[in-house]
Amino acid sequence: MARHSMRAAAGAATMHGCKRSARRVSGEGASARDIDLAAAARTVHDEIAPLDKSYWRTAGSLEASRRVLEDLWSKLSRANPATGIERLRSREVASVTASARWTVAAALLRTESRGVHRRRDFPGENESQAGRIIVSGLDRVTAVREDLALEDLALGTAQEG
């Protein structure tokens, strides 16, 4: 399974292109595909910084964050290309958005409380979930337990050989 890094997310922002400030909805040159990067950054912050979303989690709060972040990623993907310093800012917003999406995907898969990951709906540790979670993807985020990913890889290799 390919792993995507912050560099990949930043590259996606260049490909997708984002604007820092939104243009007027009406008038010459206006486009529904422009995006306010400051508002986008606040949206990501609002989904990952508050303790009820970053520490005391539930399936419902994580799913709500997932939907908000997926919607934002979709908007970033459709945004007009940015130029100059706005290109850098668009890459930064895409990077934090990608990271937040990966974090939420892994948190949804981990149905236990462990370390700084706390689930109100799963307050105890579950030793069967002590392994790592591998997240990947940009347009479609996936999260799998490492042991299952390795098992799939072994099966794939065995079938190919």
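Shown above is the structure to which this text applies.
Residues numbered from 1 in each chain as written. Predicted model: local features only at pLDDT ≥ 70, side-chain atom pairs only at ≥ 80, totals over all residues. Heavy atoms only, no water.

Chemist: I keep staring at the nonpolar core and nothing clicks. Help me out?
Modeler: As a rule of thumb, soluble globular proteins bury nonpolar side chains together. Counting residues in hydrophobic clusters, the biggest one holds 20 residues, and the most contacted among them are Ile-35, Leu-72, Trp-73 and Leu-76. At eight residues, the largest contribution of residues to this core is made by helix H5 (residues 85-109). (Core = buried A, V, L, I, M, F, W, Y, C linked by side-chain atoms within 4.5 Å. Buried < 20%, exposed > 50% of the residue type's maximum accessible area, 1.4 Å probe, protein only. Helix = DSSP H or I, 4+ residues; strand = E, 2+ residues; numbered from the N terminus.)

Chemist: Where do I start with the pattern of salt bridges in this structure?
Modeler: Between side chains of opposite charge, a pair can form when the charged atoms approach closely. Applying the stated criterion to the full structure yields 12 salt bridges. Here Arg-110 makes a salt bridge to Glu-112, at a shortest N to O gap of 2.8 Å. Residue Glu-112 is classed as buried on the basis of its relative accessible area, which comes to 0%. Residue Arg-132 pairs with Glu-146 through a salt bridge whose shortest N-O separation is 2.4 Å. (Salt bridge = Lys/Arg side-chain N within 4 Å of Asp/Glu carboxyl O.)

Chemist: Can you walk me through the packing of aromatic side chains in this structure?
Modeler: Two measures describe an aromatic ring pair: the distance that separates the ring centres and the angle between the ring planes. A complete count under the given rule lists one aromatic pair for this structure. Summarising the aromatic geometry, the rings of Tyr-55 and Trp-56 are spaced 4.8 Å apart at their centres and angled 85 degrees between planes, so their arrangement reads as edge-to-face. According to the relative accessible area criterion, Trp-56 is partly exposed, its value standing at 37%. (Phe/Tyr/Trp six-rings, centres within 6.5 Å; stacked < 30°, edge-to-face > 60°.)

Chemist: Looking at this model, I keep getting lost on the pairing of strand S4 (residues 142-145). Mind explaining?
Modeler: Regular strands show a simple pattern: their side chains alternate between the two faces of the sheet. As paired strands, strand S3 (residues 133-136) and S4 are joined by four bridges and run antiparallel to one another. Across the sheet, Val-135 pairs through a bridge with Ala-143, a residue of S4. The loop that links S3 with its antiparallel partner S4 comprises five residues; one of these, Gly-137, has a positive phi angle of about 100 degrees. (Pairing = 2+ DSSP bridges.)

Chemist: In this structure, what is going on with helix H2 (residues 37-48)? I would like to understand it.
Modeler: Since there are 3.6 residues in each turn of an α-helix, residues three or four apart along the chain are aligned in direction. Here H2 is 12 residues long and its end C-alpha atoms lie 17 Å apart, about the 16 Å a rise of 1.5 Å per residue gives. Looking only at H2, the buried set comprises Leu-37, Ala-40, Val-44 and Glu-47. Buried residues of H2, seen end-on, are gathered within an arc of 85 degrees and therefore sit on one face of the element. A side-chain oxygen of the first residue of H2 lies 3.1 Å from the backbone nitrogen of Ala-38; this N-cap is Asp-36. (Expected span 1.5 Å × (residues − 1). Arc of directions from axis to C-beta. Polar contact = N/O pair within 3.5 Å; in protein donor to acceptor, adjacent residues only side chain to side chain.)

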